[in-house]
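Notes for the structure review
Letter by letter, the chains look like this.
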Amino acid sequence: MENSKKPTNPAIPNPRRAPKSRNGCLRCKAKRLKCDEKKPECLQCSKKSLPCPGYKTKPLVWSTKHEKLLVPDTQLPTFVVESSRRLQEIVSSPKENEKERESSQITSPEKQSGIPFLPIPYEDTPSPLEDVSYTSTMTSGSTTNPLSSHPPIPTTDSLAAIRHQLQRSSVPQFLLHLPTMLVEYYFSYVCQIFSSFDGTLNPFRSTIGRLWDGSAPIYYAIQSMAAAYLANHFPRMVGVGVMMQRETFGALCSLGQGGGTGSGGDGLDKMLLTVLLVGQTTAWHDPQDLGLVHLKTAKRLNRRRLEQQSPGLGTRERRQNEFFEQCILYWDMLAGFVSDDVDEFGFEPSSPISISSATSPPTTPGKTHQIFPHPWTGVAPKIQRLFARTGRLIRSYRKSLSFDATSLDFLDLDLNLDFNLPSQASIQALQTAQALEEELLGFEAPALTSLIDAGDQNTPVHQYLLVAEAYRCAALLQLYRVFPHLLSRRVPVLELGFSGFEPGFDGGNGSTSVGIGNLPIPFSQHPNDFLLNLALHTVSLLETLPPTSGTRCIQPILFIAVASELRFPPPSNHISQGSITTQEIDIATARRFVTGRLQEFCHSLPAKPVKQALRLVEETWGRLDSGMGGIGEGKGCFWMDVMEQIGGETIFG
């Protein structure tokens, strides 16, 4: 008996079990009739020859059900979620900002945990520039990050920049994610003022654009910078910036404790870049925080990465070495004028990390050696190195003078003697100053034709030559003011010397009067007039630079050094009733320019360090004008002394 299979009928759907719909037309819903929901009119209205009123518009409901990240097959990093939560908490309670600020004394991760830095490796691309003195491969290539591809906003007004950012966004303001806003503000404005040029070759734009979303330390660091800058206008951002500064170091410690890898060359490069971001901007949060511990950390990291490099370096490694070394050089220069504790790994010629031809790519025979600007040192890092050595020399010399003066005062009181003999330390300092002066006078700036344009219309290459010359003149001003014997060798000695001049003291080398080298200042004049004219010449160089120039980020220290020499002649009986002279008008005009430009910088640069600079300049002028340290008082009034007395030390750049 054959078993026959009965055909199985497909299941007939039960119309009663069909999903219930509430989307009928307005008439059917009012009459409680079944609507087939056809368009443009339903069947019920068509049968009764009535116009169909249509369907109710569905309300918009925000849903994250189908959201996807820009990068496929990845999950939102934990540090992004945690950052968002903590940022919203701190912004919602602005009263806690002051407590956060008081607890912001943070040391480097290396000091906290002793664990070596282990950043995430990153992938690099070839440099688009060839045969240049500097262009780190970090600046090359195009980034796929949409934030870093935004064109720079052509303005020096930070408030206009963030207004433009909000207007450009299609997301309602109450839904804006604070970390996202801070990251975007970094790319739209902060990275512009952190470099002397902007564009696709700005490493603080292109490189950070490739790394920020894959590195927690860099992610927090750029938020810290953006919040610190916005705190100039929005006080509630103070706590946000401090918290992000702390998160940066915490993320670095977490990478080390998690057993990550990053001790290789790329890992150290990435770690050093993070330290440059967060360490060099500590004064943005608190002008009294010089960030010296981070400077020392940067020097140690750079030494470590150089020790790990193989003997035969390629073009990529040489250019990257130059980038980091010149960054540390500029930072070291700024710290050298405000602190004595900056000589751990200095840039002396014998130092392993000194800027030398060893880190420069070889020049092809018959081909012009081209120079690409560095974001902080421009086209003349040698001048920055000489300026840094000048600052350290002056600080150590004036410190030794104050110690010697204290000792001699007690000896004079006991023995009733008057000692006016230079000490051995003074003679050595004078000889060092003389060597620096020779290098400064013999410096030759690179030819304009050898410079490569970075592509920033606000910063043409000739502006870098003006800045380099201003640094050279400012360094000479400091040397001649602190070591007047140097100027006595150059300028014919008149019957009246100027402050600190001691006839017959030549530093022990038997030197005689010589010319002033290639300075465009006539030397047949009184030493004080020479210094004034040199200061006015330096101011004229700075006047040719517009306030929109990208080099404004490296100019504040120049204004401080030059302003100290804008001294009015001391009042005397025979001129007190006379008319105002042309020289006094020139001094007043130069002072007004210095004050006005620093006030402009308060709006376009981080305000706290610039306000500190403006306060220092005005205090120095006030003491000079009141006769405290006039021309005839010997010791004089010097801005470094005023800075220490008023507690005005900060990183002026």
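Let me sum up the structure you'll find in this document. Not measured: the values here are computed from a predicted model. (Residues numbered from 1 in each chain as written. Predicted model: local features only at pLDDT ≥ 70, side-chain atom pairs only at ≥ 80, totals over all residues. Heavy atoms only, no water.)

1. Notes on the packing of helix H22 (residues 607-625) against helix H23 (residues 639-646)
- Close contact between H22 and H23 brings their axes to 10 Å; oriented N to C, the two are set at 110 degrees. With respect to their mutual orientation, H22 and H23 come out roughly perpendicular. For the crossing formed where H22 meets H23, the hand is right-handed. Taken together, the residues of H23 that come into contact with H22 (itself represented by Arg615, Leu616, Glu619, Thr620 and Arg623) are Trp639, Val642, Met643, Gln645 and Ile646.
- A breakdown of the residues in the contact of H22 with H23 according to their chemical character gives five nonpolar, two polar and three charged. (Axes fitted to C-alpha atoms, helices over the stretch in contact; angles between N-to-C directions. Helix = DSSP H or I, 4+ residues; strand = E, 2+ residues; numbered from the N terminus. Parallel < 35°, antiparallel > 145°, perpendicular 65-115°, else oblique. Left-handed = near helix turned anticlockwise from the far one by under 90°. Contact = heavy atoms within 4.5 Å. Nonpolar A, V, L, I, M, F, W, Y, C, P; charged D, E, K, R; others polar.)

2. Here we look at helix H14 (residues 315-336)
- Its 22 residues place the ends of H14 31 Å apart at the C-alpha level, agreeing with the 32 Å of an ideal helix rising 1.5 Å per residue.
- Of all 22 residues that make up H14, 19 are buried, and the element is covered over most of its length. (Expected span 1.5 Å × (residues − 1). Buried < 20%, exposed > 50% of the residue type's maximum accessible area, 1.4 Å probe, protein only.)

3. Observations concerning helix H7 (residues 178-193)
- End to end, H7 covers 21 Å across 16 residues, agreeing with the expected 22 Å (1.5 Å per residue, within 8%).
- By the largest-angle criterion, tyrosine 186 marks the main kink of H7, which is about 50 degrees.
- Counting buried positions over the 16 residues of H7 gives 15, a clear majority of the element. (Bend = angle between axes of the 7 residues up to and from the residue.)

4. A closer look at the nonpolar core
- Grouped together as the largest cluster of nonpolar side chains are 140 residues, with contacts concentrated most on Tyr186, Leu277, Tyr471, Phe483 and Trp639.
- Ignoring anything within four residues of it in the chain, the contact list for phenylalanine 483 reads Leu393, Ile394, Tyr397, Ala429, Leu430 and Ala433. (Core = buried A, V, L, I, M, F, W, Y, C linked by side-chain atoms within 4.5 Å.)

5. Notes on unusual backbone geometry
- In the segment running from lysine 39 into proline 40, the intervening peptide bond is cis, with an omega of 15 degrees.
- Its place among the elements puts proline 40 in the loop between helix H1 (26-31) and helix H2 (43-47).
- For glutamate 37, which is not glycine, the phi torsion reads 60 degrees and is therefore positive.
- The backbone phi angle of serine 49 is positive, close to 55 degrees, even though this residue is not glycine.
- Residue position: serine 49 is located in the loop between H2 and helix H3 (78-92).
- Relative accessible area serves as the criterion here: at 66%, serine 49 is assigned to the exposed category.

6. Considering the pattern of salt bridges
- For the structure shown, the criterion picks out 14 salt bridges.
- In this structure, arginine 392 engages aspartate 332 in a salt bridge whose closest nitrogen and oxygen atoms are separated by 2.6 Å. One end of the pair, arginine 392, is in helix H15 (residues 381-415); the other, aspartate 332, is in helix H14, with 60 residues separating them in the sequence. Of the two residues, arginine 392 and aspartate 332, both sit in the buried class.
- Between aspartate 625 and arginine 591 there is a salt bridge, with its nearest N and O atoms 2.8 Å apart. With a gap of 34 residues between them, aspartate 625 in helix H22 and arginine 591 in helix H21 (residues 582-604) connect regions that are remote in the sequence.
- On the accessibility criterion, aspartate 625 (45% relative accessible area) is partly exposed. (Salt bridge = Lys/Arg side-chain N within 4 Å of Asp/Glu carboxyl O.)

7. Quick look at the side chain of serine 488
- One can find serine 488 in helix H18 (residues 484-490).
- Of note is the side chain of serine 488, whose polar atom sits 2.6 Å from the backbone oxygen of histidine 485. (Polar contact = N/O pair within 3.5 Å; in protein donor to acceptor, adjacent residues only side chain to side chain.)

8. Comments concerning the packing of H21 against H22
- Direction vectors running N to C along H21 and H22 enclose 160 degrees, while the axes themselves pass 8 Å from each other. Put simply, H21 runs roughly antiparallel to H22. Two packed elements cross with a definite hand, and for H21 against H22 that hand is left-handed. In contact with Arg591, Val594, Thr595, Leu598, Gln599, Phe601 and Cys602 of H21, H22 contributes Ala607, Val610, Lys611, Leu614, Val617, Glu618, Trp621 and Asp625.

9. Some remarks on the packing of aromatic side chains
- Taken as a whole, this structure holds 22 aromatic pairs when the rule is applied.
- Consider the rings of tyrosine 185 and tyrosine 229, whose centres lie 6.4 Å apart with planes at 40 degrees: the pair is tilted. Placement of the pair is tyrosine 185 in helix H7 and tyrosine 229 in helix H9 (residues 216-230), with a sequence separation of 44 residues.
- Residue classification places tyrosine 185 among the buried residues on the basis of a relative accessible area of 0%.
- On the basis of an interplanar angle of 35 degrees and a centroid distance of 4.5 Å, the ring pair of tyrosine 397 and phenylalanine 483 is categorised as tilted. Of this pair, tyrosine 397 sits in helix H15 while phenylalanine 483 sits in the loop between helix H17 (462-482) and H18, and the two are 86 residues apart along the sequence.
- Overall, the relative accessible area of 11% leaves tyrosine 397 in the buried class.
- Chaining the aromatic ring pairs together yields one cluster made of Phe194, Phe204, Trp284, Phe323, Phe324, Tyr330 and Trp376. (Phe/Tyr/Trp six-rings, centres within 6.5 Å; stacked < 30°, edge-to-face > 60°.)

10. Looking at the environment of arginine 398
- Position of arginine 398 among the secondary structure elements: in helix H15.
- What makes arginine 398 buried here is its relative accessible area of 19%.
- Distance in space between the C-alpha atoms of arginine 398 and valine 482 is 8.2 Å, their sequence separation being 84 residues.

11. Looking at a positive patch on the surface
- Together, Lys20, Arg22, Lys29, Arg32 and Lys56 make up a positively charged patch on the protein surface.
- Here arginine 22 is to be found in the segment before H1.
- Since its relative accessible area comes to 62%, arginine 22 is described here as exposed. (Patch = residues over 30% accessible without salt bridge, like charges linked within 9 Å, V, L, I, M, F, W, Y side chains within 5 Å. Areas by Shrake-Rupley, 256 points an atom, 1.4 Å probe, with all protein chains shown as cover. Lys, Arg positive; Asp, Glu negative; His and termini not counted. Charge placed at Lys NZ, Arg CZ, Asp CG, Glu CD.)

12. Description of the environment of histidine 537
- One can find histidine 537 in helix H19 (residues 527-543).
- Separated by 17 residues in the primary sequence, histidine 537 and proline 520 place their C-alpha atoms 8.3 Å from one another.
- Sequence-distant contacts of histidine 537, defined by excluding residues within four places in its chain, comprise Glu469, Cys473, Pro520 and Ile521.

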